[in-house]
Amino acid sequence: MKLIGIVGTNSDTSTNRKLLLFMKKHFEETVEIDVCEIADIPAFDEPDDKKAPHEVQLLSDKITSSDGVIIATPEYDHSIPAALKSVLEWLSYTTRPLIDKPVMIVGASHGSLGTSRAQAHLRQILDAPELKARILPGAEFFLGRSLEAFSQANDLLYADKVAELEGDFAEFLSFLKITNEISRQNPEQTEIKRKFVWEHIDGGIA
């Protein structure tokens, strides 16, 4: 089983990257996690030809060929980083690889409250018609005090949070298997969703 882990920021020092790297190592006997960066992806500019830039196409291809996606997001001003929003705009406007793709959301923050507002906002975004990812309801992993959370070997030091993450990840894998089986049985529905467009018809929008 292969998953894609997206570092939801262009920061070089984000603890969300450390969280994904810990997950990659901690769950390596169960799944393969390819940790992907977004720092080199240009800002979204709505090209007329709706063609994805090379960097976006590479990420899109990895998402398409994966069994599921993990997005690790910080919280900036009660929302997700602009860099992550820009990447999602590229994907929704061009290749739409997240449609019906199982997604797990996690987040790390320097403070004690975690990334609850950002995760809630990300869930709303991923439910947009052009993204339409499948997100496990009720499963939220927040890692607070993340600056002190990792050892030099990138091990997560909070035993309670490791146990919580293991439980959430096990639920996600079960959700992933069920969701992908549904998609395999109804492939035409995914294609219909992928062809969704906003267009003006008789003065209205369809």
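Predicted, not measured: the structure shown is a model, and the values here were computed from it.

1. Concerning the overall build of the protein
Then step 1. Within the protein, the regular secondary structure consists of 6 helices and 8 strands.
Then step 2. Put simply, the protein runs from its N terminus to its C terminus through helices and strands in the order β-α-β-α-β-α-β-α-β-β-α-α-β-β.
Then step 3. Taken against the 2.2 N^0.38 rule, which gives 17 Å for 206 residues, the C-alpha radius of gyration of the protein at 17 Å falls within 12% of a compact globule.
Then step 4. By its C-alpha atoms, the protein is 60 × 35 × 30 Å across when sized along the principal axes.
Then step 5. Across the 206 residues that make up the protein, the buried fraction comes to 48%.
Then step 6. In the protein, the share of contacts with a sequence separation of at least 24, taken over all contacts with a separation of at least 6, comes to 79%.
Then step 7. For the protein, the exposed area adds up to about 10600 Å²; of that, 51% sits on carbon and sulfur atoms.

2. Describing the UniProt feature "domain: NADPH-dependent FMN reductase-like" (unreviewed entry) in the protein
Then step 1. As annotated by UniProt and renumbered to match this structure, "domain: NADPH-dependent FMN reductase-like" (unreviewed entry) occupies residues 1-145.
Then step 2. Within residues 1-145, the helical portion is 32% and the strand portion 19%, while the C-alpha atoms at the span's ends are 31 Å from each other.

3. Description of a negative patch on the surface
Then step 1. Negative charge collects at one region of the surface, where Asp-45, Glu-46, Asp-48 and Asp-49 lie side by side.
Then step 2. Examined against the element boundaries, Asp-45 turns out to sit in the loop between strand E2 (32-36) and helix H2 (54-65).

4. With respect to unusual backbone geometry
It is generally the case that most residues other than glycine have a negative phi and that most peptide bonds are trans.
Then step 1. The phi dihedral of Lys-50 is positive, around 55°, even though this residue is not glycine.
Then step 2. Residue position: Lys-50 is located in the loop between E2 and H2.
Then step 3. Look at His-78: it is not a glycine, yet its phi comes out positive at around 70°.
Then step 4. Along the polypeptide, His-78 turns up in the loop between strand E3 (68-72) and helix H3 (82-93).

5. Focus: the packing of H3 against helix H4 (residues 116-126)
Then step 1. Packing of H3 against H4 leaves a shortest axis separation of 11 Å and a crossing angle of 10°. The angle between H3 and H4 places the two elements in the roughly parallel class. Along this stretch, H3 crosses H4, giving a crossing that reads as right-handed. Contact residues: H3 offers Leu-84, Lys-85 and Leu-88, while H4 offers Leu-122, Ile-125 and Leu-126.
Then step 2. Its residues assigned to classes, the contact of H3 with H4 shows 5 nonpolar, no polar and 1 charged.

Calculation rules
Residues numbered from 1 in each chain as written. Predicted model: local features only at pLDDT ≥ 70, side-chain atom pairs only at ≥ 80, totals over all residues. Heavy atoms only, no water. Helix = DSSP H or I, 4+ residues; strand = E, 2+ residues; numbered from the N terminus. Rg over C-alpha atoms; globule rule 2.2 N^0.38 Å. Buried < 20%, exposed > 50% of the residue type's maximum accessible area, 1.4 Å probe, protein only. Contact = heavy atoms within 4.5 Å. Areas by Shrake-Rupley, 256 points an atom, 1.4 Å probe, with all protein chains shown as cover. UniProt positions renumbered as here; feature names shortened; annotations may be inferred. Patch = residues over 30% accessible without salt bridge, like charges linked within 9 Å, V, L, I, M, F, W, Y side chains within 5 Å. Salt bridge = Lys/Arg side-chain N within 4 Å of Asp/Glu carboxyl O. Lys, Arg positive; Asp, Glu negative; His and termini not counted. Charge placed at Lys NZ, Arg CZ, Asp CG, Glu CD. Axes fitted to C-alpha atoms, helices over the stretch in contact; angles between N-to-C directions. Parallel < 35°, antiparallel > 145°, perpendicular 65-115°, else oblique. Left-handed = near helix turned anticlockwise from the far one by under 90°. Nonpolar A, V, L, I, M, F, W, Y, C, P; charged D, E, K, R; others polar.

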